[in-house]
Amino acid sequence: MKKKALTTVALGVATLAAGMAGNVHADSVKVTKQQIGDETKITTTTTKDVNQQKIAQDKQNISSQQTVVSSAKSSLDKAKASASSAGQVVSSAQSKVNDAKKALDAAKASQPDQIKHQVATDQSQVNTDKQNISSTQSSIATDKSNVAKDQQAINNVGQKAQQDQNKLNNNQSKLSSAQSTLNNDQSKLNNVNGQLSNIESQEGGEQVTFPPLPNDWLTQVKAYLNGQIHQINISDEEQSNDLDKLENELQNTVYKENAKSADANESYTPGKLTPQQKVDLNIYAGELINSARAQLGLNPVKINQEMIDTADKVVAGYEADNFNMAEKSGQASSHDEKALDAAGVGTECGGSCWGVTYSSLQGVKDYIADIIASSLVNDSIANWGHCLTYLSNPSNGSDVWMGLGIDKWNNLHFVFKTPSNTSGNLLSSSSDLQKQKDNLQNQANQLQNTVNKDKQVVNDLQNQVNADKAQLQKDTPAGLQQQLQNDQKKLADDQATLQKQQQKLAHDGAQLKADQNKLNSITPEDIANAQKTLEQAQTNYNSAVKALNDAQSKANASNDELAKAQQNYINALNKLNELKQILENDEKQITTTSVQWIKNQHPTTTSSMGNKVVLHSSSEANTVHADTVSAVKLAQADAIHFTGEAPVSSKKAAKKNVLPQMGDENSNKTVWGEISLAMAGVLATLGLADRKRRD
């Protein structure tokens, strides 16, 4: 395209708007100016007019699409008619199937075997009718008796009411007495429960529990005790680790509980234990050992005063012989056999604290737990003798009895026996408080049973009193009259029911007789005809079903075609609406206005006016050229410096007027001097010069 020469901004805009209309697709650009002091306000208005060629194409597209819509609508109407016709065929076929089914059922019912079955059914129904009649007749007899009693009660209303009142008074008296008994027994139970709560608050807590034993240890010991292996093989390192773990567990559980108990404040002197301390320590050790035995499924060891005395005899023998077990450790025998024989003990497990002394019962209990743990899991040096003694399990099922004694050197002496003649009360964590608790618990159980029985008596009597009151209310004249009316109505209802049942029996009897006659009158020819009728009915039914299935398949196909036609019609309508929207958009006229303030009175390029026209440098030093509006929209303002600030005074503007550098200094002066001269003349022509020059 041939470019037009522009010498000023205003001239470039005017030339582009007038001389290049064919290239801007009906777009127009209008530039106006307003001189305010030494500032120039440039207003650029760009109008995008409608494109008649595009509108004509849009209308042609709409017309074509309307044809498509009409065709789709026609196809849809045909599909609807086809689907409707197919549905009518299905309805007709279904009706024929229903008729054929009725004919088939009738043919089956006419078969001799079916008639025999019907006769049996009829007979069963007749029998049921007779039973119902018998039951209703019995109910009517009862109703008549009740009506007679009601009438008699009305005649004797005063006497019956007095009898009811006497009965009510008697039962109310019994109820009052039973409630008093209940209150008394409940008070006794509450008192016993209060004593139980007081004892439980004095108890030292739950039984001591030994920590979980190592898995490998449990596996091997179980196997040894069951005769599956003959030697326990656990390395020294593993034994040491097992013992460390157990002692940590003891620190966190057993020892911690001991520290919180009263044992922490109870003094202890080796060799001078009180009888109660001996019992307490024996029970404590037994609970620990039994907790460990339970992990292996072994029965608990038992403790009684006789075993405690036996352990004391062993301790006395050691002390008489001046036999300190700790000093004998590692020797051929670290046990005083003489003392054991004198006490009649064959098995003993010892433990030494190696010179450590304890001043409280808590310290001794911690010491006992530590010795038991070491004897169980770290005993290979003794060929597991201590361990297996703690876990004694006689093959004959005998009980294992244990006693614990402590000598003056603080050595522990665990003695074990399996005698058959051990006597004395069994000792456990049941102290004197526990015995009192057990006794009170037995009393509480008995009293609870008594209270439960009292409550049942009270409940029964209360129900009886309520029934007496209800009966007394019924036996008033009004109540008796209402009861009579109720019973008379029931009698009338039962008589009506009897009448209906008798009518049903007559009907069912007639049906039975008719079916029996039909069965008796059947001839061989009837049988043959019935069979032929059945076969034909079956054939007709099969044909009707097939016709229905065929009609349904065609209807399904028609419905599928209808769905497709419906979707095609919807798609065509949507497309038509889209084309109409495009036409509506193309018919709109868009106008954009831009306002720019230009300093120094006159702009040098149109890029300062919002890039409505872009200027490119030319090989001609004194002129510039403009491209089409499409180039305007993509232009960058790189040829002008402008500001959107409010107008400023001419003095301030003068200070800021600096021409851009275009190369060497001589070239700048020459080019911009010539451009300034050209701009002055053109601006005067367009009215963009200072107003004083136009005067």
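Undergrad: Looking at this structure, I do not really get the overall build of the protein. What am I missing?
TA: A tally of regular secondary structure across the protein gives 19 helices and eleven strands. Taken over 695 residues, the protein has a buried fraction of 35%. A fraction of 78% describes how many contacts in the protein between residues 6 or more apart in sequence connect residues 24 or more apart. Carbon and sulfur atoms make up 48% of the accessible area of the protein, which amounts to about 40,300 Å² in all.

Undergrad: Would you explain the pattern of salt bridges in this entry?
TA: One side chain can pair with another of opposite charge once the charged atoms of both are near each other. Inspection of every chain in the model, using the stated rule, returns 14 salt bridges. Salt-bridge contacts for Asp 586 lead to Lys 54; the nearest nitrogen and oxygen are separated by 2.8 Å. In this pair, Asp 586 sits in helix α15 (residues 524–586) while Lys 54 sits in helix α2 (residues 52–109), placing the two residues 532 residues apart along the sequence. With relative accessibility at 22%, the residue Asp 586 sits in the partly exposed group. Looking at Lys 54, the relative accessible area reads 36%, which means it is partly exposed. Residue Lys 490 is joined to Asp 494 by a salt bridge in which the shortest nitrogen-to-oxygen separation is 3.0 Å. Here Lys 490 and its partner Asp 494 are both found in helix α14 (residues 477–520), four residues apart, which amounts to about one turn of the helix. Its relative accessible area of 39% is what places Lys 490 among the partly exposed residues. The network of salt bridges with common partners includes Lys 54, Asp 58 and Asp 586.

Undergrad: I would appreciate a short explanation of the pairing of strand β6 (residues 401–406) in the present structure.
TA: For β6, the buried fraction is high: six of the six residues fall into the buried class. Side-chain alternation along β6 places Trp 401, Gly 403 and Gly 405 on one buried face and Met 402, Leu 404 and Ile 406 on a second face that is also buried. The pairing of β6 with strand β7 (residues 412–417) spans six bridges and is antiparallel. Pairing of Gly 405 across the sheet is with His 413, part of β7. Joining the antiparallel neighbours β6 and β7 is a turn of five residues, in which Asn 410 adopts a positive phi near 75°.

Undergrad: Looking at this model, I keep getting lost on the side chain of Asp 379. Mind explaining?
TA: Structurally, Asp 379 can be placed in the loop between α11 (361–377) and α12 (385–390). The buried charged residue Asp 379 lacks any salt bridge, with Arg 293 as its nearest oppositely charged partner at 13 Å. Setting aside anything within four residues of it in sequence, one finds Asp 379 in contact with Gln 239, Ser 374, Trp 384, Gly 385, His 386 and Cys 387.

Undergrad: What am I meant to see in the packing of aromatic side chains here?
TA: Each aromatic ring pair is specified by the distance between its two centres and by the angle formed by the two planes. Taken as a whole, this structure holds three aromatic pairs when the rule is applied. Taking 5.4 Å as the distance between ring centres and 90° as the angle between the ring planes, the aromatic pair formed by Tyr 318 and Phe 323 counts as edge-to-face. A single burial state applies to Tyr 318 and to Phe 323, both of which are buried. Pairing Tyr 390 with Phe 416 gives two aromatic rings, centres 5.9 Å apart and planes at 85°, and the pair type is edge-to-face. Remark: Phe 416 occurs in strand β7 and Tyr 390 occurs in helix α12; sequence separation between them is 26 residues. Given the relative accessible area of 1%, Tyr 390 is considered buried. The rings of Tyr 390, Phe 414 and Phe 416 are connected pair by pair, giving a single aromatic cluster.

Undergrad: Looking at this model, I keep getting lost on the environment of Gln 137. Mind explaining?
TA: Secondary-structure assignment places Gln 137 in helix α3 (residues 112–155). In this structure Gln 137 comes out as partly exposed when scored by relative accessible area, which is 41%. Counting along the chain gives 361 residues from Gln 137 to Leu 498, while the straight-line C-alpha distance between them is 7.1 Å. Ignoring anything within four residues of it in the chain, the contact list for Gln 137 reads Leu 498 and Gln 502.

Undergrad: I'm lost on the nonpolar core in this one. Help?
TA: Soluble globular proteins tend to pack their nonpolar side chains together in the buried interior. Within the largest apolar cluster, 51 residues are counted, with the highest numbers of intra-cluster contacts made by Trp 217, Ile 368, Leu 376 and Phe 414. Among the secondary structure elements, those contributing two or more residues to this core are α5 (215–225), α6 (236–252), α7 (254–260), α8 (275–294), α11, α12, β6 and β7. No other element matches the ten residues that α11 contributes to this core. Formed by 14 residues, the second largest nonpolar core is a distinct cluster that contains Ala 178, Ala 444, Leu 461 and Leu 472.

Undergrad: I would appreciate a short explanation of the side chain of Asn 290 in the present structure.
TA: Within the fold, Asn 290 resides in helix α8. Asn 290 sits in the buried class, given a relative accessible area of 19%. Contact partners of Asn 290, with chain neighbours within four places excluded, come to Pro 300 and Val 301.

Undergrad: Mind showing me how you'd approach α11 here?
TA: Here α11 spans 25 Å end to end across 17 residues, near enough to the 24 Å set by a 1.5 Å rise per residue. Counting buried positions along α11 gives 15 out of 17 residues, so the element sits mostly inside the fold.

Undergrad: What should I look at first to understand the pairing of β7 in this one?
TA: Taken residue by residue, a regular strand's side chains alternate between the two faces of the sheet. Across the six residues that make up β7, a large majority, six, are buried. Where burial is concerned, the two faces of β7 agree: the one with Leu 412, Phe 414 and Phe 416 and the one with His 413, Val 415 and Lys 417 are both buried.

Undergrad: What is the right way to read the environment of Ser 374 from this model?
TA: Locating Ser 374 in the fold gives a position in helix α11. Among the residues examined, Ser 374 registers a relative accessible area of 25% and is labelled partly exposed. Along the primary structure Ser 374 and Cys 387 are separated by 13 residues, whereas in three dimensions their C-alpha atoms are 8.8 Å apart.

Undergrad: What's the story with the confidence of the model for the protein in this structure? I'm lost.
TA: Caution applies to low-pLDDT parts of the model: their predicted coordinates are not meant to be read in detail. The pLDDT averaged across the protein works out to 75; a share of 74% of its residues lies at or above 70. Contacts of residues 604–695 to residues separated by more than four positions or lying in other chains number 143 contacts, the stretch itself having pLDDT below 50.

Undergrad: Honestly, the packing of α8 against helix α9 (residues 305–320) in this entry has me stumped. Any pointers?
TA: Between two packed helices, the angle of one axis relative to the other and the distance separating the axes together describe the packing. Closest axis-to-axis distance for the α8/α9 pair is 11 Å, and the angle between their directions is 105°. For the element pair α8 / α9, the angle class is roughly perpendicular. When α8 is examined against α9, the residues Lys 278, Val 279 and Asn 282 are found in contact with a partner set consisting of Gln 305, Ile 308 and Asp 312. Grouping the constituent residues of the contact of α8 with α9 by class yields two nonpolar, two polar and two charged.

Undergrad: Which parts of the structure should I look at to understand unusual backbone geometry?
TA: Here Asn 383, not a glycine, exhibits a phi torsion of approximately 55°, which is positive. Among the secondary structure elements, Asn 383 is positioned in the loop between α11 and α12. For Trp 384, which is not a glycine, the phi torsion comes out positive at approximately 60°. Taking the relative accessible area as the measure of exposure, Trp 384 reaches 2% and is therefore buried.

Undergrad: Can you walk me through the environment of Thr 310 in this structure?
TA: Structurally, Thr 310 can be placed in helix α9. A relative accessible area of 7% places Thr 310 in the buried class. When the C-alpha positions of Thr 310 and Lys 417 are compared, they lie 9.9 Å apart, and in sequence the two are 107 residues distant.

Definitions and cut-offs
- Residues numbered from 1 in each chain as written.
- Predicted model: local features only at pLDDT ≥ 70, side-chain atom pairs only at ≥ 80, totals over all residues.
- Heavy atoms only, no water.
- Helix = DSSP H or I, 4+ residues; strand = E, 2+ residues; numbered from the N terminus.
- Buried < 20%, exposed > 50% of the residue type's maximum accessible area, 1.4 Å probe, protein only.
- Contact = heavy atoms within 4.5 Å.
- Areas by Shrake-Rupley, 256 points an atom, 1.4 Å probe, with all protein chains shown as cover.
- Salt bridge = Lys/Arg side-chain N within 4 Å of Asp/Glu carboxyl O.
- Pairing = 2+ DSSP bridges.
- Lys, Arg positive; Asp, Glu negative; His and termini not counted.
- Phe/Tyr/Trp six-rings, centres within 6.5 Å; stacked < 30°, edge-to-face > 60°.
- Core = buried A, V, L, I, M, F, W, Y, C linked by side-chain atoms within 4.5 Å.
- Expected span 1.5 Å × (residues − 1).
- pLDDT = per-residue confidence, 0-100.
- Axes fitted to C-alpha atoms, helices over the stretch in contact; angles between N-to-C directions.
- Parallel < 35°, antiparallel > 145°, perpendicular 65-115°, else oblique.
- Nonpolar A, V, L, I, M, F, W, Y, C, P; charged D, E, K, R; others polar.

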